[in-house]
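Fold and contact review
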Amino acid sequence: MKSETDSEDGARFDSVNPHWARFLDEAGLDMTGARGDGCYIETADGRALLDCLAGFGTANLGHAHASLLARFADALQRTSVNVFPFECADSQRLLADKLLALSGWRFQKVFFATTGAEAVESAVKFAMTSTGRPDVITFRDAFHGLSMFSSFMTGNPFWTEALPWKPGNVHHVDAHNFAALEDMLASRKVAAVVFEPVAGSSSAQHWNVETSARLAALCRATGTKLIADEVYCGLGRTGNWFGIDAIGMSDTSAAPDMVVVSKGLTGGLVPLSAVLLNDADFDAVFGAPGKAKVHGSTFGGNRLAMHCGLIVLDLVESGRLVDNAAAMGALIEARLATRFNGRVIVRGKGLALSLELDVWFAGELNKSMSDVWLDLIDGGVLAMPNSAAPDSLRLSPPLIFGVDEVEVLIDRLDEALQP
Ligand SMILES: Cc1ncc(COP(=O)(O)O)c(C=O)c1O
């Protein structure tokens, strides 16, 4: 075992995050000098890991995707830096139109930001300005980011317990607790309800046609904006372009007012996020000449990120990777059922999946999901326990995942599930 925070070449991480570096090292996840290729990562010490995380859902095209890298390199050569912040570049309009078209033109505007948290907070800003109301509701165990306000939207006190301040206007309810929601929305003080159609950090729990329609109807009846946080589950991961379609919210009368996307938008190469929304909510913030740049950030909508988004969406579309995510998700589910006969429970949609062990089986096996996770790493598979549900394992492989990769995953899981 290497000492403490030493990496392969002896460099230390004291100036960055020594505890985290040590944890990763001990878990066999020191990625210093690692190289990716397709669905695999080769570590500096020569281990090959099947990547079932894809940068938590960013690397939709896998690693070192030849066309992506070639086209991105070309864009890098040709793209100038932004001339000034908040400029309107052609590439911005093209990417906005592409996202709106993919949504079936259910929305008319796109606001670009840099991180998921920034876009989620921007959506809340649109909702508050549009409704003139101060409160926000999110669901317990949801994850919405770790900037100041989004940390409190993230429905788990772990992320905020060290902070000596707490906003009074963020409220959490248990998912599907409609009685509590009705009570809170009746006050007409709630600007927005924010939900994840298919959650990432809380064992991929998701909404269905009935529950999401009920949520949308409740919001509509009380003038509350409904915001779908698809930072993780959006842009193909669920086997649909949008998570709201994966859960059956395709009916326009049940559609949310805004959708937030990010992770899958640039193949993991550059940070980029976006809010899709309607004209009226957009205009509430930007709809007057003097207000045209009242919100935004220096790198939001920068030209390089726009080009990267256009290239990635084109490659996902031409490679039919959304269909592939649906097919591979179904195959994983089927192979788990045949190999493990109910001992492994899978939740989620497409390639936004989460695995749990049947309680009886977990007792027999006498292993926690963390043990299974570490055994999987030893066996050459990279996955990660969910932060809000550590007894479940997140699987978010690249959308290029194929039949061979599914078989490797199932075999390695079988090995990790031996006593
Ligand atoms: C559903 C969801 N929302 C928001 C975020 C925050 O995104 P970022 O880390 O880019 O700020 C994440 C990140 O994991 C997420 O999964």
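Bear in mind the structure is a predicted one, so any value in this text is a computation, not a measurement.

The ligand sits among T115, G116, A117, F143, H144, G145, E196, D229, V231, Y232 and K263. G116 is positioned with one of its backbone polar atoms (N or O) 2.8 Å from an oxygen atom of the ligand. Take F143: an N or O atom from its main chain is 3.3 Å from a nitrogen atom of the ligand. Burial of the ligand by the protein amounts to 82% of the accessible area it has alone, namely 390 Å².

Once that is clear, we can look at the packing of helix α7 (residues 178–186) against helix α8 (residues 209–221). Relative orientation of the contacting elements α7 and α8 amounts to 15 degrees, with a least axis distance of 10 Å. What the angle tells us is that α7 and α8 run roughly parallel. Where α7 crosses over α8, the two elements pack in a sense that is right-handed. Contacts from F178, L181, E182 and L185 in α7 reach T211, R214, L215, L218 and C219 in α8.

Structurally, L269 is set in the loop between β9 (258–261) and β10 (273–277). A C-alpha to C-alpha distance of 8.0 Å links L269 and A59, two positions 210 residues apart in sequence. Excluding residues within four positions of it along the chain, L269 makes contact with L68, L69, F72 and C308.

To continue, consider the pairing of β10. For a regular strand, the rule is simple: side chains alternate between the two faces of the sheet. Judged by how many residues are buried, β10 sits mostly within the fold: five of five residues are covered. Burial along β10 is two-sided: the residues S273, V275 and L277 and A274 and L276 are all buried. The pairing of strand β4 (residues 109–113) with β10 spans five bridges and is classified as antiparallel. Bridge assignment links K109 to a residue of β10, and that residue is L277. The pairing of β9 with β10 spans three bridges and is classified as antiparallel. Each bridged residue has a counterpart across the sheet, and for V261 the counterpart in β10 is A274.

The next point concerns helix α10 (residues 279–286). Listing the buried residues of α10 in full gives D281, F282, V285 and F286. Projected down its long axis, α10 shows its buried positions confined to an angular sector of 115 degrees, all on one face. In this structure, the buried side of α10 is in contact with β4, α5 (116–131), β8 (225–230), β9 and β10. One side-chain oxygen of the residue at the start of α10 lies 3.2 Å from the amide nitrogen of A280, identifying that residue as N278.

It is worth spelling out the sheet that holds β9 at this point. Sheet architecture is open: seven strands sit in the order β4-β10-β9-β8-β7-β5-β6, paired in mixed fashion. Looking at strand neighbours, the two that pair on one side only are β4 and β6 (170–173), the edges of this open sheet. Between one strand axis and the next, the sheet turns through 20 degrees on average, direction left out of account.

Below, the discussion takes up the pattern of salt bridges. Applying the stated rule across the entire model yields 17 salt bridges. E317 serves as the salt-bridge partner of K98, at 2.7 Å between the closest nitrogen and oxygen. Here the residue K98 occupies a position in helix α4 (residues 90–102), and E317 occupies one in helix α11 (residues 303–318), the gap between them amounting to 219 residues. The class of K98 is partly exposed, set by a relative accessible area of 25%.

Our focus in this paragraph is helix α3 (residues 66–78). Turn by turn, an α-helix covers 3.6 residues, leaving residues three or four places apart pointing in a common direction. In a regular helix each residue adds 1.5 Å, so 13 residues correspond to 18 Å; α3 covers 18 Å between its end C-alpha atoms and thus fits that length. Buried residues belonging to α3 abut α11.

Conventions and cut-offs
- Residues numbered from 1 in each chain as written.
- Predicted model: local features only at pLDDT ≥ 70, side-chain atom pairs only at ≥ 80, totals over all residues.
- Heavy atoms only, no water.
- Near = heavy atom within 4 Å.
- Polar contact = N/O pair within 3.5 Å; in protein donor to acceptor, adjacent residues only side chain to side chain.
- Areas by Shrake-Rupley, 256 points an atom, 1.4 Å probe, with all protein chains shown as cover.
- Axes fitted to C-alpha atoms, helices over the stretch in contact; angles between N-to-C directions.
- Helix = DSSP H or I, 4+ residues; strand = E, 2+ residues; numbered from the N terminus.
- Parallel < 35°, antiparallel > 145°, perpendicular 65-115°, else oblique.
- Left-handed = near helix turned anticlockwise from the far one by under 90°.
- Contact = heavy atoms within 4.5 Å.
- Buried < 20%, exposed > 50% of the residue type's maximum accessible area, 1.4 Å probe, protein only.
- Pairing = 2+ DSSP bridges.
- Arc of directions from axis to C-beta.
- Salt bridge = Lys/Arg side-chain N within 4 Å of Asp/Glu carboxyl O.
- Expected span 1.5 Å × (residues − 1).

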